[in-house]
Amino acid sequence: MVQHCLPEQLALAALREPLPDDDAFHLAACDLCRAEVASLRRAVEAVSVPELADPGPSVTPPPAVWGAIAAATGVTAAPAGMTAPVAAAPSAAAPSVGPSSEETPGGAQVLPFRTRRRGLVLVAAAAVAGAVLGAGVTAVVRSGESTEALTAVALDPLDDEQASGRAEVLVREDGSRALQVDLDAPALDGEYYELWLIEPQVVDMVPLGVLRPGSQTFELPAGLDLGEYPLVDVSVEPLDGDPTHSGISVARGELDT
């Protein structure tokens, strides 16, 4: 049985943190774990966009919400500022923990926890991401290292879209690579741009992260053959949690590899 990376290691990889050698070696060879990291990285980078990360006003939940939580968990204490729930009578029926949800008088819902592996991965990613969101985490590239340009391509607008730009592959002294992108595009409302590398038949693709108008630099996965994925694609993605390409591309160029 293959021992996959632990959820917390996948979360660290999604944040581009270094992994122990064994985990890094497994991740480089495992399509399943790499797919998990790519999906998590997309979510982490989406919430790291400053426009999407602005905190909203705090909202105090109605007392019934805590009452429902206490009834489902057996907790008798209450958070500061809230009234402790009344203990249920011994004969009271146990709360349901099935897939259905219970609506409280205030309109909020108490849902059962999911125990699937992907749920654990998302929790781990959220915990790690929460510690660094204040720093505006996006695709991180190490600074202080000399680089040289390998190839560059213009990003031309598609279907009369207003997005255009330039992408350049950079190679560092240690052999690692990055893609520097300059994007000239209008701001989006309720959507965001994402950067992809796509193979010529436009079937297989590699997501690189959330892209904003201006200049950004993205780490390229080690071992990725740019000859197999020469198309640099900018898409518009809705905030629907779906990690796949929306099918809406606004700019694209082909690297000469």
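Placed above this text is the structure.
Quantities reported herein were computed from a predicted structural model and do not represent experimental measurements. (Residues numbered from 1 in each chain as written. Predicted model: local features only at pLDDT ≥ 70, side-chain atom pairs only at ≥ 80, totals over all residues. Heavy atoms only, no water.)

### Things to note about helix α5 (residues 63-73)
Residues of α5 that are buried include every one of V65, W66, A68 and A70, and no others. Looking one or two residues past α5, G74 carries a phi angle of roughly 85 degrees, positive in sign. (Buried < 20%, exposed > 50% of the residue type's maximum accessible area, 1.4 Å probe, protein only. Helix = DSSP H or I, 4+ residues; strand = E, 2+ residues; numbered from the N terminus.)

### With respect to the environment of G175
Position of G175 among the secondary structure elements: in the loop between β4 (164-172) and β5 (177-184). Separated by 47 residues in sequence, G175 and A222 have C-alpha atoms that sit 9.3 Å apart.

### With respect to the state of the cysteines
If you walk through the whole model with that rule in mind, you get 0 disulfides. C30 provides the cysteine sulfur closest to C33, a residue in no disulfide bond, and the two sulfurs are 3.8 Å apart. Exposure remark for C33: the relative accessible area of 0% places this residue in the buried category. (Disulfide = S-S within 2.5 Å.)

### Concerning the nonpolar core
Among the nonpolar cores identified, the biggest contains 26 residues, and L179, L195, L197, V232 and V234 are the most heavily contacted of them. At the level of elements, β3 (147-157), β4, β5, β6 (191-198), β7 (205-211), β9 (231-238) and β10 (249-254) are the ones that each hand at least two residues to this core. If we skip the residues at most four places from it in the chain, V232 touches V153, L155, A167, L179, L195, W196, L197, A251, R252, G253 and L255. Counting 10 residues, the second-largest nonpolar core is a separate cluster that includes L10, A14, V37 and L40. (Core = buried A, V, L, I, M, F, W, Y, C linked by side-chain atoms within 4.5 Å. Contact = heavy atoms within 4.5 Å.)

### A closer look at unusual backbone geometry
For D159, which is not a glycine, the phi torsion comes out positive at approximately 50 degrees. Inspection of the secondary structure puts D159 in the loop between β3 and β4. Exposure remark for D159: the relative accessible area of 70% places this residue in the exposed category. Here the phi dihedral of V202 falls at roughly 55 degrees; this positive angle occurs in a residue that is not glycine. Here V202 is to be found in the loop between β6 and β7. Its relative accessible area of 38% is what places V202 among the partly exposed residues.

### What to know about helix α2 (residues 21-29)
Every buried residue belonging to α2 is among D23, H26 and L27, and all of these are buried. Considered in projection along α2, the buried side chains sweep an arc of 100 degrees and stay on one side of the axis. The exposed set on the far side of α2, more than 90 degrees from its buried face, consists of D21, F25, A28 and A29. (Arc of directions from axis to C-beta.)

### Points about the side chain of Q9
Relative to the helices and strands, Q9 resides in helix α1 (residues 7-14). Apart from the residues lying within four places of it in its own chain, the contact partners of Q9 are L19, P20 and D23.

### Some thoughts on the pattern of salt bridges
Under the counting rule described, the total for this entry stands at 4 salt bridges. Its salt-bridge partner being R34, residue D31 comes within 2.4 Å of it at the nearest N-O pair. Here the residue D31 and the residue R34 both occupy positions in helix α3 (residues 31-47), the gap between them amounting to 3 residues, near one helical turn. Take D31: its relative accessible area is 55%, and that puts it in the exposed class. Here R34 falls in the partly exposed class, since its relative accessible area comes to 35%. Of the charged contacts in the structure, one is a salt bridge between R252 and D233, with a shortest N-O distance of 2.8 Å. With R252 in strand β10 and D233 in strand β9, this residue pair connects regions lying 19 residues apart in the sequence. (Salt bridge = Lys/Arg side-chain N within 4 Å of Asp/Glu carboxyl O.)

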